[in-house]
2 protein chains.
Amino acid sequence: MAVLTGQKRSKISRFSAAPVRVPTPCTCRPRACSLGTELARRGYGLVYGGGNVGLMGAVAEAVVAGGGSVVGVIPAALAPRELSGVSIGQVIVVDDMHARKAEMSSRADAFIAMPGGMGTWEELVEIMTWQQLAIHDKPIALLNVNGFYDHFVALIENTVNEGFIRPHHKGMLLVASDPVALLDKLPAHKAVVPYAQLNWNCK
Amino acid sequence: MAVLTGQKRSKISRFSAAPVRVPTPCTCRPRACSLGTELARRGYGLVYGGGNVGLMGAVAEAVVAGGGSVVGVIPAALAPRELSGVSIGQVIVVDDMHARKAEMSSRADAFIAMPGGMGTWEELVEIMTWQQLAIHDKPIALLNVNGFYDHFVALIENTVNEGFIRPHHKGMLLVASDPVALLDKLPAHKAVVPYAQLNWNCK
Ligand SMILES: [Mg+2]
């Protein structure tokens, strides 16, 4: 599942902020739209956290506009808040945040994080730990719009130097400021050697 | 559960790195020991991820040495790797990482993160998102040894400025470089107003 070949059925799961209103004018929104357009152009589908607000909604709308398929996975408790108005693509309602992430990750062939708050970071870091633990080997990419994630990248660098992250593990995160450049990196992704091969009895 | 009054039964849950060997000499280890000693002196118990390696083990050993109680919560799949040799305090074996976090968070009265890698960050950020979502209202503290987490603090600051984190939410994270100063902050903690009151049907 690690190689994206551009076949029409590939799904990319994208994490980004929905809960907080994106400020206007937000420099991130054009990149979100470009990402969605580019995903559709390359034949990728989108799996995301559902809803039509924030950057999440902007990407999903652009994918649909480009003829791509979109699946939104949303916990029942968040549905009234995040789904403000029209839902985009297919909507799957799940019980809780854990079920949402499990559903998204099993359907995805790659993960892309855009600028966002703590909910976004939590999903990004969790999917990175899952690769360290050999739960998946899919590409993980960071759309670093206007240096939004520079401090995160520096934190990783510093943590490698301090010995808490293995040097080859920092390579699991693909980083680019532009959607085209970022998507270009996905097919060449090689999964990092995990911290350990563990038996999780995962579904 | 938000106020720590120093009663003998308070448990503090602490996240820190175990998987990667802590480099020698690690400037973090003395602070880890100080934290454990100080927890015990103040009558706090410790709930942690189990094992006796890394900074995790150092804190747990110091708590026990100071007469404090320690509970380790460890997933079965990690037990052979993390529990290298003698286990510390009471050990609870759970099915998976999700069960570990649920168990730790339900037993804790506060959360402290020490320097660590992605596993540590994931636990820290997740517990912060849970406060945003009104799942808990317990203090969350960051032991910022030698500026280890400066980039993380800067990321939060920048993200507030970009509008993806609400300004009052950054106050949920208590930060200090010294264990005594950090623990001094806990009793005055006030839970932030969550993003939303949601019905999670949580246990
Ligand atoms: Mg998580």
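Placed above this text is the structure.
## Section: the environment of Pro115 of chain A
- Mapped onto the fold, Pro115 of chain A is located in the loop between strand 5 (110-113) and helix 5 (118-132).
- Separated by 32 residues in sequence, Pro115 of chain A and Gly147 of chain A place their C-alpha atoms 9.5 Å apart.

## Considerations on helix 2 (residues 54-65) of chain A
Residue and element names in this part refer to chain A.
- For helix 2, built from 12 residues, the straight-helix expectation of 16 Å at 1.5 Å per residue is met to within 8% by its first-to-last C-alpha distance of 17 Å.
- In terms of burial, helix 2 is largely enclosed, as nine of its 12 residues are buried.
- Among all positions of helix 2, only Gly54, Leu55, Met56, Gly57, Ala58, Val59, Ala60, Ala62 and Val63 are buried.
- Where helix 2 terminates, the next one or two residues include Gly67, which has phi positive at roughly 90°.

## Some words on the pairing of strand 6 (residues 140-143) of chain B
Residues and elements named next belong to chain B.
- Burial of strand 6 is two-sided: the residues Ile140 and Leu142 facing one way and the residues Ala141 and Leu143 facing the other way are all buried.
- Relative to strand 6, strand 5 (residues 110-113) runs parallel, the two being bridged by three bridges. Residue pairing in the sheet places Ile112 in a bridge with Ala141 of strand 6.
- Following the chain from strand 5 across helix 5 (residues 118-132) to the adjacent parallel strand 6, one finds a crossover that is right-handed.

## Observations regarding the packing of aromatic side chains
Residues and elements named next belong to chain A.
- Under the definition given, this model contains eight aromatic pairs over all chains.
- Considering the side-chain rings of Phe148 and Tyr149, the 4.8 Å spacing of their centres and the 80° angle between planes classify their relative orientation as edge-to-face. One exposure class covers both Phe148 and Tyr149, and it is buried.
- Judged by centre distance (6.3 Å) and plane angle (70°), the ring pair of Tyr149 and Phe152 falls under edge-to-face.
- By relative accessible area, which is 6% here, Phe152 ends up buried.

## Section: the pattern of salt bridges
- The final tally for this structure, using the stated rule, is 16 salt bridges over all chains.
- Its salt-bridge partner being Arg107 of chain A, residue Glu103 of chain A comes within 2.7 Å of it at the nearest N-O pair. Of the two residues, Glu103 of chain A and Arg107 of chain A are both situated in helix 4 (residues 97-107); the distance of four residues between them amounts to about one turn of the helix.
- Under the relative-accessibility criterion, Glu103 of chain A is labelled partly exposed at 25%.
- Across the pair Glu38 of chain B and Arg41 of chain B runs a salt bridge, and its minimum N-O distance is 2.7 Å. One end of the pair is Glu38 of chain B and the other is Arg41 of chain B, both in helix 1 (residues 28-41) and three residues apart, which spans about a single turn.

## Section: the coordination of the magnesium ion
- In this structure, Glu122 of chain A (OE), Glu126 of chain A (OE), Glu122 of chain B (OE) and Glu126 of chain B (OE) serve as the protein donors to the magnesium ion, at separations of 1.7 to 1.8 Å. Here Glu122 of chain A is found in helix 5, whereas its partner Glu126 of chain B is found in helix 5 on a different chain.
- We classify Glu122 of chain A as buried; its relative accessible area is 5%.
- Its relative accessible area of 5% is what places Glu126 of chain B among the buried residues.

## Some points on unusual backbone geometry
All names here are of chain A.
- One non-glycine residue, Asn146, lies in positive phi territory at about 50°.
- For Asn146, the position within the fold is in the loop between strand 6 (140-143) and helix 6 (150-162).
- We classify Asn146 as exposed; its relative accessible area is 56%.

How each quantity is defined
Residues numbered from 1 in each chain as written. Chains lettered and ligands numbered in written order. Predicted model: local features only at pLDDT ≥ 70, side-chain atom pairs only at ≥ 80, totals over all residues. Heavy atoms only, no water. Helix = DSSP H or I, 4+ residues; strand = E, 2+ residues; numbered from the N terminus. Expected span 1.5 Å × (residues − 1). Buried < 20%, exposed > 50% of the residue type's maximum accessible area, 1.4 Å probe, protein only. Pairing = 2+ DSSP bridges. Right-handed = clockwise from strand over helix to strand, strands pointing away. Phe/Tyr/Trp six-rings, centres within 6.5 Å; stacked < 30°, edge-to-face > 60°. Salt bridge = Lys/Arg side-chain N within 4 Å of Asp/Glu carboxyl O. Donors = N, O, S within 2.8 Å, 3.2 Å for Na, K, Ca; no water.

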